Amino acid sequence: DLQVSEKESHVADIAFLVFGGYMYFDSDMVLMDVRAVVPVDEGSLCFGAPQQWLPEWSIAAGIERWRPVTLPSLRALGVRYFSWLLPDEAVEGSTLCRNGGFAYIFH
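Engineer: Before we move on, can you summarise the overall build of the protein chain with the specific residues and values?
Structural biologist: Check the secondary structure of the protein chain and you find four helices and seven strands. Listed by position from the N terminus, the elements making up the protein chain come as α-α-β-β-α-β-α-β-β-β-β. In terms of its C-alpha atoms, the protein chain occupies a principal-axis envelope of roughly 45 × 40 × 25 Å. Every one of the 107 residues in the protein chain was classed for burial, and the buried ones make up 23%. Sequence separation of at least 24 residues holds for 35% of the intrachain contacts in the protein chain that already meet a minimum separation of 6. Surface accessibility of the protein chain: about 8,100 Å² in total, with carbon and sulfur atoms responsible for 58%.

Printed below as a string of structure tokens:
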């Protein structure tokens, strides 16, 4: 695991490289903005109630889409991989998440 100091984790460029983030593009795929995920003790992502996830969906959705979790607070909970689910994305005839969202694999 890559280790960074608390001070370094709040530098946007370092946080983007270590923890990830979001890139926003316009309709012509021109990069408009970049935002880093910066960990904070009180948390800043809010989630709805857990939804049912069948183990076979992890493979059917595509192995290549799962990314290692880098946020220490999520890793401490046992989360090892995550994937973004598109709004109304379906796998094997089941809609995974009506509005889009994250799926996590714990190990």
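Engineer: Mind laying out the packing of aromatic side chains, listing which residues take part and the relevant values?
Structural biologist: Under the counting rule described, the total for this entry stands at five aromatic pairs. Taking 5.2 Å as the distance between ring centres and 75° as the angle between the ring planes, the aromatic pair formed by Trp-84 and Phe-102 counts as edge-to-face. Placement of the pair is Trp-84 in strand E4 (residues 79-85) and Phe-102 in strand E7 (residues 101-106), with a sequence separation of 18 residues. Looking at Trp-84, the relative accessible area reads 41%, which means it is partly exposed. Grouping aromatic residues by their ring pairs yields a cluster made of Phe-82, Trp-84, Phe-102 and Tyr-104.

Engineer: Please give an account of a nonpolar patch on the surface that cites residues and values.
Structural biologist: Where nonpolar side chains cluster on the molecular surface, the patch consists of Met-23, Phe-25, Met-29, Leu-31 and Val-34 and spans about 480 Å² of accessible area. If you list the elements that add at least two residues to the nonpolar patch, you get strand E1 (21-25) and strand E2 (31-36). With respect to the helices and strands, Phe-25 occurs in strand E1. You can call Phe-25 partly exposed: its relative accessible area is 40%.

Engineer: Now, about the sheet that holds E4: what can you tell me, with residues and values included?
Structural biologist: Judged by pairing direction, the sheet is antiparallel, and its three strands sit side by side in the order E3-E4-E7 without closing on themselves. Strands with a single pairing partner mark the edges of an open sheet, and in this sheet they are strand E3 (67-68) and E7. Here E3 pairs with E4 via two bridges, running antiparallel. When the sheet's bridge partners are listed, Pro-68 is paired in E4 with Tyr-81.

The rules behind each value
Residues numbered from 1 in each chain as written. Predicted model: local features only at pLDDT ≥ 70, side-chain atom pairs only at ≥ 80, totals over all residues. Heavy atoms only, no water. Helix = DSSP H or I, 4+ residues; strand = E, 2+ residues; numbered from the N terminus. Buried < 20%, exposed > 50% of the residue type's maximum accessible area, 1.4 Å probe, protein only. Contact = heavy atoms within 4.5 Å. Areas by Shrake-Rupley, 256 points an atom, 1.4 Å probe, with all protein chains shown as cover. Phe/Tyr/Trp six-rings, centres within 6.5 Å; stacked < 30°, edge-to-face > 60°. Patch = residues over 30% accessible without salt bridge, like charges linked within 9 Å, V, L, I, M, F, W, Y side chains within 5 Å. Salt bridge = Lys/Arg side-chain N within 4 Å of Asp/Glu carboxyl O. Pairing = 2+ DSSP bridges.

In short, geometric facts, not functional conclusions.
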